[in-house]
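Overview (structure and organization)
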Amino acid sequence: MTSRAKVRFLASDIWDAPDNGKRYEVIEGEWFMAPAPSWWHQNAVSALIVIIGSWVRPRNLGRVVPAPTGVVLDDENGVEPDLVYISRDRMHIISERGVEGAPDMVTEVLSPGTAARDRGLKMRRYAAAGVAHYWIVDPANRTLEAYRLGATGYEQEGVYGPGSIFSPTLFPGLEIPIDELWA
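Residues numbered from 1 in each chain as written. Predicted model: local features only at pLDDT ≥ 70, side-chain atom pairs only at ≥ 80, totals over all residues. Heavy atoms only, no water.

**Digging into the side chain of Asn 43**
Inclusion rule: Where helices and strands are cited, they refer to DSSP runs of H or I of at least four residues and of E of at least two residues respectively, numbered from the N terminus. Only protein chains enter the area calculation, which uses a 1.4 Å probe; residues under 20% of their type maximum are buried, those over 50% are exposed, and those in between are partly exposed. Polar contact is the term for a pair of N or O atoms within 3.5 Å; when the atoms are in protein, one must be able to donate a hydrogen and the other to accept it, and sequence-neighboring residues count only if both atoms are side-chain atoms. Contacts: residue pairs with any heavy atoms within 4.5 Å of one another.
Among the secondary structure elements, Asn 43 is positioned in helix H1 (residues 39-56). According to the relative accessible area criterion, Asn 43 is buried, its value standing at 16%. Among the polar contacts made by the side chain of Asn 43, one reaches the main-chain carbonyl oxygen of Ala 183 at a distance of 3.2 Å. Excluding residues that lie within four positions of it along the chain, Asn 43 makes contacts with Leu 181, Trp 182 and Ala 183.

Right, dumping it as structure tokens:
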């Protein structure tokens, strides 16, 4: 019986990946594939980055960044939320490789393959880690759900749909027109 050598990929191998709408990554020499996010998923993330970033940066409130940004919540939980906000007072959790600790806010934009995990397991992990604000954006229903961490987990602050304006408690004075997420 002959043993096979374990093949290790190079980061540059992603340039030779098939052009088939999927994302290919090389992580620690291992090859990974995931479906690319939908247009509306990425459009919502981009809109939120512009809206929130335009509010946060000039006021020196902290930093807001989109995925892919690694977030290590604890020894067993490393995630890549679609959007991460860290307040100025908690910038010490930002490291060269990403975020090491609970951000002040995370946002997940639902995709058919991730919706159950975003509403279930990840939501519980974020709460257990102490992420104070959790937003779920649903492109299919064109809604944003805002949650705030309470004594027993997340409490829903509201659901905002077409034609409504979301005024996050995290950013007093900011108004997010929900229709802008789909424009």
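**Here's the deal with the pattern of salt bridges**
Operational definition: Salt bridge, as applied in this entry: a Lys or Arg side-chain nitrogen positioned within 4 Å of an Asp or Glu carboxyl oxygen.
Applying the stated rule across the entire model yields five salt bridges. Glu 108 is the partner of Lys 122 in a salt bridge, and the nearest nitrogen-oxygen pair spans 2.8 Å. With Lys 122 in helix H3 (residues 121-129) and Glu 108 in strand E9 (residues 105-109), the pair connects residues that are 14 residues apart, well separated along the chain. Comparing Lys 122 with Glu 108 shows no difference in burial state: the two are buried. What you see here is one network of salt bridges that share partners, running through Glu 108, Asp 118 and Lys 122.

**Re the side chain of Glu 108**
Under the relative-accessibility criterion, Glu 108 is labelled buried at 2%. A distance of 2.6 Å separates the side chain of Glu 108 from the side chain of Tyr 126, its partner in a polar contact.

**Considerations on the nonpolar core**
Nonpolar side chains tend to gather and get buried jointly when the protein is soluble and globular. The condition is simple: Buried Ala, Val, Leu, Ile, Met, Phe, Trp, Tyr and Cys residues form a nonpolar core when they are joined through side-chain atoms within 4.5 Å.
Ile 52, Trp 135, Leu 144, Phe 171 and Leu 181 are the most contacted members of the largest nonpolar core, which has 25 residues in total. Of all the elements in the fold, those that place two or more residues in this core are H1, strand E6 (83-87), E9, strand E10 (133-138) and strand E11 (143-150). When residues in this core are grouped by element, the largest group, eight residues, is from H1. Within the second largest apolar cluster, 18 residues are counted, among which are Val 71, Ala 102, Tyr 126 and Ala 127.

**Some words on the sheet that holds E9**
Going by this rule: For two strands to pair, DSSP has to find at least two bridges joining them. Angles run from 0 to 180 degrees between N-to-C directions of axes, and those axes are lines fitted to C-alpha atoms, restricted for helices to the stretch in contact.
Spatial strand order, E3-E6-E9-E10-E11-E12: six strands in an open sheet with mixed pairing. Pairing within the sheet leaves two strands with one partner each, and these edge strands are strand E3 (62-66) and strand E12 (153-160). Strand-to-strand twist of the sheet, defined as the mean angle between neighbouring strand axes without regard to direction, takes the value 15 degrees. Alignment of E6 against E9, held across three bridges, turns out to be antiparallel. By the bridge assignment for E9, Tyr 85 is matched with Met 105. Sheet strands in contact with H1 are E3, E6, E9 and E10, and its direction is about 165 degrees off that of E3.

**A look at the packing of aromatic side chains**
We count it as follows: Between 30 and 60 degrees the pair is tilted, below 30 it is stacked and above 60 it is edge-to-face, where a pair is any two Phe, Tyr or Trp rings, Trp via its six-membered ring, whose centres lie within 6.5 Å. A positively charged side chain is recorded as over a ring if its NZ (Lys) or CZ (Arg) lies within 6 Å of the ring centre. The angle to the ring normal must also be within 35 degrees.
Taken as a whole and assessed by the stated rule, the structure comprises eight aromatic pairs. Pairing Tyr 147 with Tyr 154 gives two aromatic rings, centres 6.5 Å apart and planes at 65 degrees, and the pair type is edge-to-face. On the basis of relative accessible area, Tyr 147 is assigned to the buried category, the value being 10%. Among the aromatic side chains, those forming a connected cluster through ring pairs are Tyr 85, Trp 135, Tyr 160, Phe 166 and Phe 171. The side chain of Arg 59 reaches across the aromatic face of Trp 55, ending 3.4 Å from its centre. Taking NZ or CZ as reference, Arg 142 lies 5.1 Å from the ring centre of Trp 40, over its face.

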